[in-house]
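# Reading the structure
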Amino acid sequence: MMNFLLRVVLFLLGLVFAASLAVAVLVLAAVWGLRYGWARLTGQPVRPWVMRFDPRHGFDRFRAASRPAEPTAADVAAAKARGEAADSPVRLRDRGGDNVTDVQARPVSRGE
């Protein structure tokens, strides 16, 4: 008996879902019909409802999320005070160039 009642309840829930889906489709059709009628009445062209989708936008959104934000004025001032570059805290500013003492300079070979 319990199994039968469960099936009846599930069947009724399915009917309610199907009826609500049918009502939603009918409301959408009515709105589309009113829109079509209004466009014809006012002499405007009837434009279809379209969903413009470009797959590149999804990739662009995630690619832009990986880019770091621009440094603020406070970040730039703090980096200058520490002697660092504002766009990358790892790169230090150049302090003269020839201050390396533990290596010997070699001539550059050109693909020989």
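Since the structure is predicted, the reported quantities are computational estimates derived from the model, not experimental observations.

Another point: the overall build of the protein. A tally of regular secondary structure across the protein gives 3 helices and 0 strands. Secondary structure elements in the protein, listed N-terminal to C-terminal, are α-α-α. Here the protein holds 112 residues, and 4% of them are scored as buried. A total accessible area of about 11100 Å² is found for the protein, and carbon and sulfur atoms account for 64% of it.

To continue, consider the confidence of the model for the protein. For the protein, the mean per-residue pLDDT works out to 81, and 80% of the residues sit at or above 70. Within the protein, no element has a lower average pLDDT than helix 2 (residues 55-66), which sits at 75, and none a higher one than helix 1 (residues 2-42), at 95.

Right, let's talk about helix 1 for a bit. In an α-helix, one turn spans 3.6 residues; hence positions three or four apart end up facing the same way. Spanning 41 residues, helix 1 covers 60 Å between terminal C-alpha atoms, matching the ideal 60 Å at 1.5 Å per step. Once helix 1 finishes, G43 follows within two positions and takes phi at roughly 80°, a positive value.

Next up on the list: a nonpolar patch on the surface. On the surface, M1, M2, F4, L5, V8, F11, L12 and L15 cluster together into a nonpolar patch covering about 910 Å² of accessible area. Among the secondary structure elements, L12 is positioned in helix 1. A relative accessible area of 47% means that L12 is categorised as partly exposed.

Analysis parameters
- Residue positions are counted from 1 within each chain, in the order its sequence is given.
- Where totals are concerned, whole chains, interfaces and linings use all residues; where local detail is concerned, this predicted model gives features only for residues with pLDDT of at least 70, and gives and counts side-chain atom pairs only at 80 or more.
- Where side-chain values are given, they derive from all heavy atoms of the structure, hydrogens and water being excluded.
- Helix and strand assignments follow DSSP, with helices taken as H or I runs no shorter than four residues and strands as E runs no shorter than two, numbered in order from the N terminus.
- For every residue, the accessible area obtained with a 1.4 Å probe (protein chains only) is divided by the maximum for its type, and the residue is called buried under 20%, exposed over 50%, and partly exposed between those limits.
- Shrake-Rupley sampling with a 1.4 Å probe provides the accessible areas, and residues are treated as covered by the protein chains on show and by no other component.
- One number per residue, pLDDT, summarises how confident the predictor is, and it ranges from 0 to 100.
- Take the residue count of a helix, subtract one, and multiply by 1.5 Å to get its expected span.
- Patch construction takes residues with relative accessible area above 30% that form no salt bridge. Like charges are linked within 9 Å, and nonpolar side chains (Val, Leu, Ile, Met, Phe, Trp, Tyr) are linked within 5 Å.
- We define a salt bridge as a side-chain nitrogen of Lys or Arg found within 4 Å of a carboxyl oxygen belonging to Asp or Glu.

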